[in-house]
Amino acid sequence: MNAPTLNPPPPPPSPYSSALGKSNIEQHTLSVLVDNEPGVLARVVGLFSGRGYNIESLTVAEVAHGEHLSRITIVTSGPPEAIEQIGHQLERLVPVHKVTDLTTHARAIERELAMVKVRGKGDDRVEALRLADAFRARVIDATTESFVFELTGNADKIDQFVELMRPIGLVEVSRTGVAAISRGPEPI
Amino acid sequence: MSKQMTGAEMVVEALKDQGADTLFGYPGGAVLPIYDAIFQQNFVKHVLVRHEQGAAHAAEGYARSSGKVGVLLVTSGPGATNTVTGLTDALMDSIPLVCITGQVPTHLIGSDAFQECDTVGITRHCTKHNYLVRSIEDLPRILHEAFYVASSGRPGPVVIDIPKDVQFATGTYHGPKNIQHKTYQPQVKGDLAKIRHAVEMMAAAKKPVFYTGGGVINSGPEASELLRELVKLTGFPITSTLMGLGAYPASGDKWLGMLGMHGTYEANHAMHDCDLMIAVGARFDDRITGRLDAFSPGSKKIHIDIDPSSINKNVKVDLGIIGDVAHVLEDMVRLWRTSAPQVDAGALKQWWKQIDTWRERKSLAYRPSKETIKPQHAIQRLYELTKDRDTYITTEVGQHQMWAAQHYHFEKPNRWMTSGGLGTMGYGLPAAVGVQMAHPQALVIDIAGEASVLMNMQEMSTALQYRLPVKIFILNNEYMGMVRQWQELLHGGRYSESYSEALPDFVKLAEAYGAVGIRCSDPDKLDDAILEMIDSPKAVIFDCVVEKAENCFPMIPSGKAHNEMILAELSDDAGVEIGSIIDERGKLLV
Ligand SMILES: Cc1cc2nc3c(=O)[nH]c(=O)nc-3n(C[C@H](O)[C@H](O)[C@H](O)COP(=O)(O)OP(=O)(O)OC[C@H]3O[C@@H](n4cnc5c(N)ncnc54)[C@H](O)[C@@H]3O)c2cc1C
Ligand SMILES: Cc1ncc(C[n+]2csc(CCOP(=O)(O)OP(=O)(O)O)c2C)c(N)n1
Ligand SMILES: [Mg+2]
């Protein structure tokens, strides 16, 4: 038997360990086809909170009414091992039909819709309209001192628009979260 | 075969169709229609437990010892919440259960009705799947689906929550035929190319080891047969987790004993030094791996598991084969036979020589005593005196559980029922009740600790009611021994709240229940006392008064590697301060 070591060992590498280098954190978009039955969203969300995974964005809606199928699109982040584990854990849920990692397995198109409320007078209003035009945002509500813009695009584009509106009177933002689909003729 | 009947009748009918002839349960307002249906038939035998947690563990014991699905029936609210520990236990240990809970009538759900609780919400995280039955039309399908989900793939507990109005409603029942689940279809056949690759890796190995687990037991007795065959063909050494004991016979010459935190020196060193690890239905639990970054650093790893999420979860492997153990091993045995590979006999011989030097450490040895009964000795005697009988062992949780795993030797699968993943004190007695229900003629022994056994002691009543001659063999050290041991190792011997104060007189307690009580504290009288217990046709509580301060060794302290074990001999060395062995980081771990 060796004498007990005095130096504490380095922390064990675990896919969930926060000590794991931030450098290999990746963001992935997962598309999860589920039976649209009561509680299915709670199962998916509960899995993420229970196992300590991140949810950056989550959208859900029925996609095939007759077949009771819904698509849940989840943007998550973590080291590659954790992302792989998340996929397998989702597949374990009984009402889950299929999990596709759109970031690795498909060339995906991602879109999000945002509504952005801006309040201001004079030059700020002009500037807001000018920027909205550049971003192809539409005005969907207006008063003499405010606008609500509707904007679609990928998450980065929306982030950027919101940042630009901030100094000229941003009041609040409502975003749908990401919906995604693969390119080309094949389904996800 | 479709018939009109009530929801309550459908429950009983489905149990019949599923061959579930034994049901553990406890009545209440929200399941009275089902109890009425049970009253009016005689196929399903209902076992009235004394606490719903007991029903869950009894169903687990029944399931694990018989290979069937365990079934329990409880009322809404407190009945359902009392099962949560048992359901979690079954989830952690992959035990197939179907738990039927009553619920308040559909129109009252959400109104904080009497004995209402959100059963599916509460049990979502401790079941493999669960259902709230909203309409009588769904009930037959859900009942059969629940058995399918519980028993296929990686087994687990399933809850069916049935509102009282659905139990009363009338509908059309149909049998389990053609239950094809639309989404849940686990892969049972392994990928042949991968299995072939595995055989090549095995043929080339110089220092191989089989690391087997509960998945072999889950897969059924054929899996154990195939495992034995594969070990014989290859001549490789084999170790198992706590959950897999019995899949390979402890008398086999390739057997290294259990591995892990309280595993043998040879098993853990073989795991650490091997060049090829073949994991079969085992999940790289932290009790096994110890310090992850020092876990078997030089080996290639093959992992056979039916659950894709088990593969690469804690330890990255080189070759993952998804499939059922029996199916994969069948292919593996066949491929090994047909390819008749040239193994490196010289290297294997060298490897066995190395293993023999580890074996010589005799890591399970302990210092015998003439004055007091050593707990290890008690298990050894129990083993010797029961090994030729048809014996099933359950345990509670603590040191006694580990001593049982080390010193009771299992030759067959399904003979060892223990709470591994959750480590639930109070598991063993109700589990023994379940085992005895499945095997009425067998000798069923709960190897218990005096603290654990009190957690579900009320199930003695159940044992007596059904004349189940279960034997409760208590290693009474007057301590929560496992807690005391950790306090000695980690907290300077400050034994905070780990002394079992005000214990009952277990002999009188046995008598109060109508069972037989036996006490023994003299090593010389131990054999006779054990024989008296075995020969009793009744339930027995055996109060085996053992050495109080004994520690369970060997032990890999938390946060240490496999080759940094503490052995009993070391702990006896005057020079080594046992409290100093575990460092600060290790103390953070459990
Ligand atoms: C006080 C205490 C101390 C402990 N100390 C130890 C110790 O020293 N050593 C030890 O080994 N354990 C110990 N344990 C138990 C430990 O906590 C784990 O429960 C145990 O190690 C897990 O065993 P397993 O890996 O065989 O997995 P199980 O929990 O049995 O899981 C089975 C695995 O097999 C897979 N599987 C299931 N069915 C199939 C199938 N049909 N085909 C293929 N794969 C399948 C599952 O997906 C899973 O990955 C201790 C527990 C307690 C309470
Ligand atoms: C329900 C539950 N509570 C607490 C624990 C923590 N725990 C693990 S072992 C143990 C002591 C068990 O004492 P005893 O049954 O006397 O067994 P011994 O270790 O003395 O053999 C405790 C409290 C547990 N495993 N389960
Ligand atoms: Mg004790």
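Predicted, not measured: the structure shown is a model, and the values here were computed from it.

About the criteria used
Residues numbered from 1 in each chain as written. Chains lettered and ligands numbered in written order. Predicted model: local features only at pLDDT ≥ 70, side-chain atom pairs only at ≥ 80, totals over all residues. Heavy atoms only, no water. Helix = DSSP H or I, 4+ residues; strand = E, 2+ residues; numbered from the N terminus. Near = heavy atom within 4 Å. Polar contact = N/O pair within 3.5 Å; in protein donor to acceptor, adjacent residues only side chain to side chain. Areas by Shrake-Rupley, 256 points an atom, 1.4 Å probe, with all protein chains shown as cover. Buried < 20%, exposed > 50% of the residue type's maximum accessible area, 1.4 Å probe, protein only. Contact = heavy atoms within 4.5 Å. Core = buried A, V, L, I, M, F, W, Y, C linked by side-chain atoms within 4.5 Å. pLDDT = per-residue confidence, 0-100.

(A) Just unusual backbone geometry, in detail. All names here are of chain B. With an omega dihedral of -5 degrees, the bond running from Phe553 to Pro554 counts as a cis peptide bond. Tracing the backbone shows Pro554 in the loop between strand 20 (540–545) and helix 24 (568–572). The backbone of Ala340 sits at a positive phi, close to 35 degrees, despite the residue not being glycine. Take Ala340: it is sitting in the loop between helix 14 (325–339) and helix 15 (345–359).

(B) Examining the site of ligand 1 more closely. Residues and elements named next belong to chain B. Residues in close proximity to ligand 1 total 37 residues, the closest being Gly214, Thr241, His262, Arg283 and Asp305. Note that an oxygen atom of ligand 1 is positioned 3.4 Å from one of the side-chain N or O atoms of Asp285. One of the backbone N or O atoms of Gly420 is found 3.0 Å from an oxygen atom in ligand 1. Relative to its unbound accessible area of 990 Å², ligand 1 is 96% covered by the protein chains. If you list the elements that add at least two residues to the shell around ligand 1, you get helix 10 (214–219), helix 13 (286–289) and helix 17 (399–407).

(C) Region of the structure containing helix 21 (residues 481–490) of chain B. Residue and element names in this part refer to chain B. Within helix 21, eight of the 10 residues are buried, leaving the element largely enclosed by the surrounding structure. Those residues of helix 21 not exposed but buried are Gly481, Met482, Arg484, Gln485, Trp486, Gln487, Leu489 and Leu490. Tucked into the core, helix 21 has its buried residues touching helix 13, helix 17 and helix 25 (584–588). Gly492 lies just past helix 21 and shows a positive phi near 60 degrees.

(D) Inspection of the nonpolar core at higher detail. Residue and element names in this part refer to chain B. Counting 81 residues, the largest nonpolar core has Met202, Met332, Phe473 and Phe542 as the members making the most contacts within it. Looking at this core element by element, the count peaks at eight residues for helix 14. Sequence-distant contacts of Phe542, defined by excluding residues within four places in its chain, comprise Ile472, Phe473, Ile474, Ile518, Cys520, Leu526, Ala529, Ile530 and Met533.

(E) Here's a closer look at the confidence of the model for chain A. Overall, the prediction assigns chain A a mean pLDDT of 89, with 87% of residues at 70 or greater. Note on residues 1–21 of chain A: pLDDT is under 50 here. Beyond four places in sequence and across chains, it has 36 contacts.

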